[in-house]
Amino acid sequence: MDIDTMILMGLTLTAFCWWVGLRVHEDRKFAKELVEQEKDKIKRKERVKRLTNRQ
């Protein structure tokens, strides 16, 4: 293999790793938002129960 080919393969591998890292970060962020939404949903239900005096 020529040195040029190895450099191009290294750059391609670096770009791929960068892309995968971004995807993982976005997925973790999305999962965290879903958990927060579920927590807010539960809190709203509890608040409605308290306001309507249901138990």
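A. How the structure looks around the overall build of the protein chain. A tally of regular secondary structure across the protein chain gives 1 helix and 0 strands. For 55 residues, the compact-globule estimate of 2.2 N^0.38 gives 10 Å, and the C-alpha radius of gyration of the protein chain, at 24 Å, exceeds that figure by more than 25%. For the protein chain, the spread of C-alpha atoms along the three principal axes comes to 75 × 10 × 5 Å. Counting across all 55 residues of the protein chain, residues that qualify as buried make up 0%.

B. Structural context of a positive patch on the surface. Residues K39, K41, K43, R44, K45, R47, K49 and R50 make up a contiguous surface patch of positive charge. Mapped onto the elements, R44 comes out in helix α1 (residues 3-52).

C. Highlighting the environment of L51. By secondary structure assignment, the location of L51 is in helix α1. By relative accessible area, L51 is classed as exposed at 68%. The spacing of L51 and M6 is 45 residues in sequence and 67 Å in space, taken between C-alpha atoms.

Basis of the calculations
- Residues numbered from 1 in each chain as written.
- Predicted model: local features only at pLDDT ≥ 70, side-chain atom pairs only at ≥ 80, totals over all residues.
- Heavy atoms only, no water.
- Helix = DSSP H or I, 4+ residues; strand = E, 2+ residues; numbered from the N terminus.
- Rg over C-alpha atoms; globule rule 2.2 N^0.38 Å.
- Buried < 20%, exposed > 50% of the residue type's maximum accessible area, 1.4 Å probe, protein only.
- Patch = residues over 30% accessible without salt bridge, like charges linked within 9 Å, V, L, I, M, F, W, Y side chains within 5 Å.
- Areas by Shrake-Rupley, 256 points an atom, 1.4 Å probe, with all protein chains shown as cover.
- Salt bridge = Lys/Arg side-chain N within 4 Å of Asp/Glu carboxyl O.
- Lys, Arg positive; Asp, Glu negative; His and termini not counted.
- Charge placed at Lys NZ, Arg CZ, Asp CG, Glu CD.

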